[in-house]
There are 2 protein chains.
Amino acid sequence: MRIEVNKNILASNAAAAGKNRERLRRHGVFMVNLMASPGAGKTSAIIKAIERAPELKMAVIEGDIASEIDSLTIEAMGITALQINTGGSCHLTASMITSALNYLDLDVLDLIVIENVGNLVCPAEFDLGETARVMIASIAEGDDKPDKYPLMFRQVDLILLNKMDLLPYCDFDLPRFRQVVTTLNPAAPILELSCKENRGVAGWGEWLTGATASTRAAKAAD
Amino acid sequence: MRIEVNKNILASNAAAAGKNRERLRRHGVFMVNLMASPGAGKTSAIIKAIERAPELKMAVIEGDIASEIDSLTIEAMGITALQINTGGSCHLTASMITSALNYLDLDVLDLIVIENVGNLVCPAEFDLGETARVMIASIAEGDDKPDKYPLMFRQVDLILLNKMDLLPYCDFDLPRFRQVVTTLNPAAPILELSCKENRGVAGWGEWLTGATASTRAAKAAD
């Protein structure tokens, strides 16, 4: 009974996600779904993207259970930020994103970054219609997260390993982490990052610039 | 429609939780529901509890999406550990705990520690029948977590602020954190902890020992 309900929710979510994806494709807009545990550095990674790819016309969709701290931070940088407060829900859904897209001028945007709710479980199950999925793991969380949350690691296009500055102070086995992640997801690059110390952020900016350019080129070829 | 379904799930969960709580009360067993983000230090806090309160007859119930890493760690210390793999579910439910209790001899136990799935959202909504709720926040997660996950902070009996050893390396405003948490939940003490450096762990052991003794005394007075 409960499984049936969940199936229906996922099916209706998938339909809405498909419409979002088609709408973005028509406009040549690249949309990235950024997922992580609470406090792994999602907002910091968005700030670095804004700094590192200033030529991109960007908007941000912020998902949180409560508060608008993150969208205020982004807006202070002169970037449009839409805040979705999910109330009790532990993940964003495609229809929440549909509503947010209605507030954005897709003809002028290159890139939309969605900051999902801080959670390694359910966001991995809900397609939002994004062009790509990126997750952030943090050194402080420990190297066993891929073992415990395999679905998240399996289905992302890029993994940002943030807080590399904390590596000297944490028991984090970097070769082990890389090995388990590569077994789960051989295709996804792992970028080592320290948003705090501004290390590795150039690669993140380049990845976004490259992916955005491909999406724009695909539209032009249509 | 969906809300109705959720209401039914929560109502049936609450009924099972009530039965668990009554069953534990009859046996004088204290059960704590330990919740936190992925990687905040739940397993480390359990290890410290085992070390600091060796006189308690303890069992551990481990909840994870996948893997049995944590229960193997606990069992290596000579403590019974039951592993629940939730599959896709982002939280434990009362009926999962009912099944686990069937494997334990409640007549000989003083304390059961449940390590919930790493998630600050849904575990806060699902009563397991625990005697008390404890959450772990980590310095590395940042001081804004109470703003973003207020329900979790609001309804716990104790907050362990772990990874104090990382304070010099993180931008964490400790007075601000304490102020926001105290506004949300004036009754819950905040214990500063470093499981890694063995700091503050005596207080955590004393809290468990005291709570366990109260539960036993309440049973004796029945």
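Everything numeric in this text was worked out from a predicted model, so none of it was measured. Starting from 1, residues in each chain are numbered consecutively following that chain's sequence as written. Chains and ligands are labelled sequentially in the order written, the chains with letters from A and the ligands with numbers from 1. Whole-chain, interface and lining totals are the exception, using all residues; otherwise, since this is a predicted model, local features are given only for residues with pLDDT of at least 70 and side-chain atom pairs are given and counted only at 80 or more.

**Some remarks on the packing of helix H2 (residues 42-52) of chain A against helix H8 (residues 201-221) of chain A**
Residue and element names in this part refer to chain A. As a reminder of what qualifies: Only the contacting stretch of a helix is used when fitting its axis, a line to C-alpha atoms as for every element, and angles between N-to-C directions run 0 to 180 degrees. For the purposes of this entry, the term helix denotes a DSSP run of H or I that reaches at least four residues, the term strand denotes a run of E that reaches at least two, and both are numbered from the N terminus. An angle below 35 degrees is read as roughly parallel, one above 145 as roughly antiparallel, one from 65 to 115 as roughly perpendicular, and any other as oblique. Contacts are defined on C-beta atoms placed from the backbone: any two residues whose C-beta positions lie within 7 Å are in contact. When residues are grouped by polarity, Ala, Val, Leu, Ile, Met, Phe, Trp, Tyr, Cys and Pro land in nonpolar, Asp, Glu, Lys and Arg in charged, and all others, Gly among them, in polar.
At a minimum axis distance of 9 Å, the contact between H2 and H8 shows a crossing angle of 75°. Classified by the angle between their axes, H2 and H8 sit roughly perpendicular to one another. Taking contact as the criterion, the partners of Ala45, Lys48, Ala49 and Arg52 in H2 are, on H8, Val201, Ala202, Trp204, Gly205 and Leu208. Of the residues belonging to the contact of H2 with H8, the class tally is 6 nonpolar, 1 polar and 2 charged.

**Here's the deal with the sheet that holds strand S7 (residues 190-192) of chain B**
Residues and elements named next belong to chain B. Short version of the rule: Strand pairing is defined by DSSP finding a minimum of two bridges between the two strands.
Read across the open sheet, the 7 strands follow the order S3-S2-S4-S1-S5-S6-S7; overall the sheet is parallel. If you trace the sheet from one side to the other, it starts and ends with strand S3 (80-85) and S7, each paired once. Strand-to-strand twist in this sheet, taken as the mean axis angle between neighbours without regard to direction, amounts to 20°. Pairing between strand S2 (residues 58-64) and S3: 6 bridges, direction parallel. Looking at S3, one finds that Ile61 is bridged to Leu82.

**Here we look at the nonpolar core**
Using the following cut-off: Definition of nonpolar core: a set of buried Ala, Val, Leu, Ile, Met, Phe, Trp, Tyr and Cys residues joined via C-beta atoms within 7 Å. Every C-beta atom is placed from the backbone, and the number of other C-beta atoms within 10 Å of a residue's own sets its class: buried at 20 or more, exposed at 12 or fewer, partly exposed in between.
Ranked by internal contacts, the top residues of the largest apolar core, which has 135 residues, are Val113(A), Ile114(A), Met135(A), Leu160(A), Val113(B), Ile114(B) and Leu160(B). In this structure, Ile114(A) is in contact with Met31(A), Val32(A), Asn33(A), Leu34(A), Ile61(A), Gly63(A), Leu92(A), Ile97(A), Leu128(A) and Glu130(A), ignoring residues within four places of it in sequence.

**What about the relation of the copies chain A and chain B?**
Here is the rule we go by: Least-squares superposition of the copies uses the C-alpha atoms of those residues scoring a pLDDT of at least 70 in each of them.
It takes a turn of 180° to lay chain A on chain B, together with a shift of 0.0 Å along the axis; the resulting RMSD is 0.0 Å. Between the two chains, the operation in question is that of a two-fold axis.

**A short note on the interface of chain A and chain B**
Frequently, the measure chosen for interface size is the accessible area that the parts lose on association. If you look at the interface, chain A gives 34 residues, while chain B gives 34 residues. Those elements that provide at least two residues to the side of chain A that touches chain B are helix H1 (2-27) and helix H5 (145-148) of chain A. Split into classes, the residues belonging to the side of chain A that touches chain B amount to 16 nonpolar, 8 polar and 10 charged.

**Side note on the pairing of strand S5 (residues 132-138) of chain B**
All names here are of chain B. Most of S5 is tucked away, with 6 of its 7 residues classed as buried. With 5 bridges connecting them, S5 and strand S6 (residues 158-162) associate as parallel partners. Along S6, the bridge assignment pairs Val134 with Leu158.

**So, unusual backbone geometry**
Within the chain, Asn198(A) stands out as a residue other than glycine whose phi angle is a positive 60°. Within the fold, Asn198(A) resides in the loop between strand S7 (190-192) and H8. Classification of Asn198(A) by C-beta neighbours within 10 Å gives partly exposed; the count is 13. For Ser67(B), which is not glycine, the phi torsion reads 80° and is therefore positive. Mapped onto the elements, Ser67(B) comes out in the loop between S2 and helix H3 (69-75). On the basis of neighbour counts, which here come to 17 C-beta atoms within 10 Å, the residue Ser67(B) falls in the partly exposed class.

**Topic: helix H8 (residues 201-220) of chain B**
Residue and element names in this part refer to chain B. Quick note on the threshold: A helix is expected to reach a length of 1.5 Å times the quantity of its residues less one. As used here, the arc belongs to the directions running from the helix axis to the C-beta atoms.
The terminal C-alpha atoms of H8 lie 29 Å apart, and with 20 residues this matches the ideal 28 Å at 1.5 Å per residue to within 8%. Among all positions in H8, only Val201, Trp204, Trp207, Leu208, Thr212 and Thr215 are buried. Axial view of H8: buried residues confined to an arc of 120°, hence all on one face. Of the exposed residues in H8, the ones pointing more than 90 degrees away from its buried face are Ala202, Gly210, Ala217 and Ala220. Summarising the contacts, the buried residues of H8 are in contact with strand S1 (30-36), helix H2 (42-52), strand S4 (111-115), S6 and S7.

**Re the pairing of strand S6 (residues 158-162) of chain A**
Residue and element names in this part refer to chain A. Filter applied, for reference: Here a crossover is taken to be right-handed if, once the strands point away from the viewer, the path from the first strand over the helix to the second is traced clockwise.
Counting buried positions along S6 yields 5 of 5 residues, so the element is predominantly enclosed. A two-sided burial pattern is seen for S6, the buried positions comprising Leu158, Leu160 and Asn162 on one face and Ile159 and Leu161 on the other. The pairing of S6 with S7 spans 3 bridges and is classified as parallel. Looking at S7, one finds that Leu161 is bridged to Glu192. Following the backbone out of S6, through helix H7 (residues 174-184) and into the adjacent parallel S7, one traces a crossover that is right-handed.

**Let's talk about the sheet that holds S6(A)**
Residue and element names in this part refer to chain A. The 7 strands lie next to each other as S3-S2-S4-S1-S5-S6-S7, forming an open sheet whose pairing is parallel. The sheet is open, and its two borders are formed by strand S3 (80-85) and S7, each paired with just one other strand. For this sheet, the mean inter-axis angle between neighbouring strands, taken without regard to orientation, is 20°. Against the sheet, H2 engages strand S1 (30-36), strand S2 (58-64), strand S4 (111-115), strand S5 (132-138) and S6, with an angle of about 165° to S4.

**Structural notes on the environment of Leu151(B)**
All names here are of chain B. Structurally, the position occupied by Leu151 is in helix H6 (residues 150-154). Among the residues examined, Leu151 registers 17 C-beta atoms within 10 Å and is labelled partly exposed. Placed 31 residues apart in sequence, Leu151 and Leu120 show a C-alpha to C-alpha distance of 8.8 Å.

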